[in-house]
Amino acid sequence: MTIEREAAQPPVWQNDTPEGQAPVREGQDWSSWPTYDSAVLGLRDYWYPVGWAEQFGRKPQTVRLLGEDIALVREGDEIYALHDRCPHRGVPLSLGRRQFPDTVSCPYHGWTFELKTGNLCAVLTDGPDSPICGKLKVRTYPVAQRLGLVWIYVGAGPVPPVERDIPDELLEHDFVMGGRSDIRNGNWRFAAENGFDEGHAKYLHNTALWRLFKVMPAWNKTRIQQEGPWLVRVQEELHWEAEYPGLGVWTNKRWWKRMPLPDRPGKGSRVNPVIDSLNIPGFVSIRLPGLLRVAYPQFIHYEWYVPVDEDHVRYVQIMARFERGLTAAAFKLKYLAGIRWLFHGQFTGQDAWMVDVSDAPPERLYRPDVSITTWRRLVERSKPVVQTRPLRAKDES
Ligand code: FES
């Protein structure tokens, strides 16, 4: 974790001044960010959410994370994660059976592994005195359960607490939430770039039902500011319409749409006190290893871009409202009745569409892409450990 080092860097980048930032330059390509360019399978040494805890039971299930196949098995309240490959002949342990408590047995020849340690503790087809017992193990992964999600840590060395990779406000305040988790097409970096992309929302999403009655700006002037682990998009100017020479006026205004509350959380007339107290200087923020935060006056939307493999990303979305009692219950109903489909479905489905069809590099960036280049620079400067290949049998001991 290198956030502390990053804090020493110049904290502000703008899209309309040429120096001291992560500018968009002519001829710039992905070779400008070699670490980022190589991180096709994601970044190690982070906790990642891989699904809802209630989805995982005694029967083993497989998930793919950073290109590694992992078998998840529940025993009581605990969920365990093992490399999903039997070292005997390479059969997935997620196809295995539960013959004894706290173990899983491979479906092929009955090699039986302890869930907690991965140790080979019995070989059912070789008798109780099988000499290979205790001589090998499958790799296990640290698992945590927070926010109703299962989190897996992929990395080496001391394991940090899962709370390190969860926004503080979700640990320190009561809230009610709704969410969904889908695997979508496209590389995780395209998903992260789409999330923090300054330019697209006001055009791509102007057809989204979520924004049917709210005007979005036509164009902005934006700077990127660092706040702790977050990069924040700060709107310096919002323009609601513009005259394009020789073409005419373009605007998102329509007679049936109302103007939104001021863009900066904490400056609206009806701002949730918890969100107000966060004092976030802009609407959208991003942090490592790929977590977006969109702060509305009354709730916050989070989305994690969890690398699955080169061509797929697990898109974990939650919407949190920092309320209790009746207000919280009403929000939960509202989420299930509409928001889940309108926002976490149709609206972000437009993002998924673009992530799927984006094909870069090569690319020619424009001024608002300072959001993308600054995110890439954050990754680069943080010197993360890049996942280079899926775990293979020789990694087992
Ligand atoms: Fe697993 Fe043979 S492949 S026991």
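Described below are features of the structure shown in this document. All figures in this text were calculated on a predicted structure; none of them were measured in a lab.

## Description of helix H8 (residues 370–381)
The terminal C-alpha atoms of H8 lie 16 Å apart, and with 12 residues this matches the ideal 16 Å at 1.5 Å per residue to within 8%. With 10 of 12 residues buried, H8 is to be regarded as a mostly interior element. The set of residues buried in H8 consists of Val370, Ser371, Ile372, Thr373, Thr374, Trp375, Arg376, Leu378, Val379 and Glu380. Positioned one or two residues after H8, lysine 383 has a phi angle of 50°, which is positive.

## Some details on the sheet that holds strand S6 (residues 103–105)
One open sheet holds the 3 strands; their spatial order is S6-S7-S8, and the pairing between them is antiparallel. Two strands close off the open sheet at either side, each with one partner strand: S6 and strand S8 (120–123). Each adjacent strand pair in this sheet contributes to an overall mean axis angle of 25°, direction not counted.

## Some details on the packing of helix H4 (residues 188–196) against H8
The geometry of H4 relative to H8 is characterised by a closest axis approach of 9 Å and an angle of 130° between their N-to-C directions. Relative to H8, H4 is oriented oblique. Viewed along their axes, H4 and H8 form a crossing whose handedness is right-handed. For the pair H4 and H8, the contacting residues are Trp188, Ala192, Glu193 and Phe196 in the first and Ser371, Ile372, Trp375 and Arg376 in the second. The residue makeup of the contact of H4 with H8, split by class, is 5 nonpolar, 1 polar and 2 charged.

## Some thoughts on the layout of surface pockets
Put simply, the second largest pocket is a space of about 420 Å³. Looking at the lining of the second largest pocket, the elements that each hand over two or more residues are H4, helix H7 (325–357) and H8. Among the elements that line the lining of the second largest pocket, the one with the most residues is H4, at 3 residues. Looking at the lining of the second largest pocket residue by residue, the class counts come to 9 nonpolar, 4 polar and 6 charged.

## Brief notes about the packing of aromatic side chains
A full pass over the atoms with the stated rule returns 12 aromatic pairs. Measuring from ring centre to ring centre gives 6.1 Å for tyrosine 296 and phenylalanine 343, while their planes differ by 85°; the resulting arrangement is edge-to-face. Pair noted here: tyrosine 296 is in the loop between strand S18 (291–295) and strand S19 (300–309) and phenylalanine 343 is in helix H7, with a separation of 47 residues, a long-range link. With 6.5 Å between their ring centres and 35° between their planes, phenylalanine 299 and phenylalanine 331 make a pair best called tilted. On the criterion of sequence distance, the pair formed by phenylalanine 299 in the loop between S18 and S19 and phenylalanine 331 in helix H7 is long-range, its members being 32 residues apart. Since its relative accessible area comes to 12%, phenylalanine 299 is described here as buried. On the accessibility criterion, phenylalanine 331 (4% relative accessible area) is buried. Each residue in the set Phe283, Tyr296, Phe299, Phe331 and Phe343 is aromatic and connected to the rest through ring pairs, giving one cluster. It is arginine 293 that lies over the ring of tryptophan 230; its NZ or CZ is 4.0 Å from the centre. Lying across the ring of tryptophan 33, arginine 376 places its NZ or CZ 4.9 Å from the centre.

## A few points about the sheet that holds strand S11 (residues 149–154)
Spatially, S2-S11-S10 is the arrangement adopted by the 3 strands of the open sheet, whose pairing is antiparallel. At either margin of the open sheet sits one strand with a lone partner, and together these are strand S2 (46–52) and strand S10 (143–146). Geometrically, the sheet is characterised by an average inter-axis angle of 35° between neighbouring strands, direction not taken into account. Where S10 and S11 come together, 4 bridges link them in antiparallel fashion. In the sheet register, arginine 146 faces S11, and the bridge partner there is leucine 149.

## Looking at the environment of threonine 140
Assignment of secondary structure puts threonine 140 in strand S9 (residues 140–141). Separated by 21 residues in the primary sequence, threonine 140 and asparagine 119 place their C-alpha atoms 9.4 Å from one another. Not counting the four nearest positions on each side in its chain, threonine 140 is found in contact with Ala81, Leu82, Leu115, Lys116, Thr117 and Gly118.

## Details of the pattern of salt bridges
On inspection of all chains with the given rule, the structure shows 17 salt bridges. Between arginine 146 and glutamate 163 there is a salt bridge, with its nearest N and O atoms 2.3 Å apart. Here the residue arginine 146 occupies a position in strand S10, and glutamate 163 occupies one in the loop between S11 and helix H3 (168–172), the gap between them amounting to 17 residues. Residues glutamate 198 and lysine 202 are paired through a salt bridge, measuring 3.1 Å at the closest nitrogen-oxygen approach.

## Some points on the nonpolar core
Counting residues in hydrophobic clusters, the biggest one holds 83 residues, and the most contacted among them are Ile152 and Trp375. Of all the elements, H7 adds the most residues to this core, at 7 residues. For isoleucine 152, the contacting residues outside a window of four places in its chain are Tyr46, Trp47, Tyr48, Val50, Val63, Leu65, Ile70, Leu72, Ala81, Tyr141 and Pro142.

What counts and how
Residues numbered from 1 in each chain as written. Predicted model: local features only at pLDDT ≥ 70, side-chain atom pairs only at ≥ 80, totals over all residues. Heavy atoms only, no water. Helix = DSSP H or I, 4+ residues; strand = E, 2+ residues; numbered from the N terminus. Expected span 1.5 Å × (residues − 1). Buried < 20%, exposed > 50% of the residue type's maximum accessible area, 1.4 Å probe, protein only. Pairing = 2+ DSSP bridges. Axes fitted to C-alpha atoms, helices over the stretch in contact; angles between N-to-C directions. Parallel < 35°, antiparallel > 145°, perpendicular 65-115°, else oblique. Left-handed = near helix turned anticlockwise from the far one by under 90°. Contact = heavy atoms within 4.5 Å. Nonpolar A, V, L, I, M, F, W, Y, C, P; charged D, E, K, R; others polar. 1 Å grid on protein atoms, 1.4 Å probe; cavity = no way out; pocket = protein on both sides within 12 Å on 5 of 7 lines; lining within 4 Å. Points joined across faces, edges and corners; volume = space filled by probe spheres on them. Phe/Tyr/Trp six-rings, centres within 6.5 Å; stacked < 30°, edge-to-face > 60°. Lys NZ or Arg CZ within 6 Å of the ring centre and 35° of its normal. Salt bridge = Lys/Arg side-chain N within 4 Å of Asp/Glu carboxyl O. Core = buried A, V, L, I, M, F, W, Y, C linked by side-chain atoms within 4.5 Å.

Nothing here speaks to function; it is geometry throughout.
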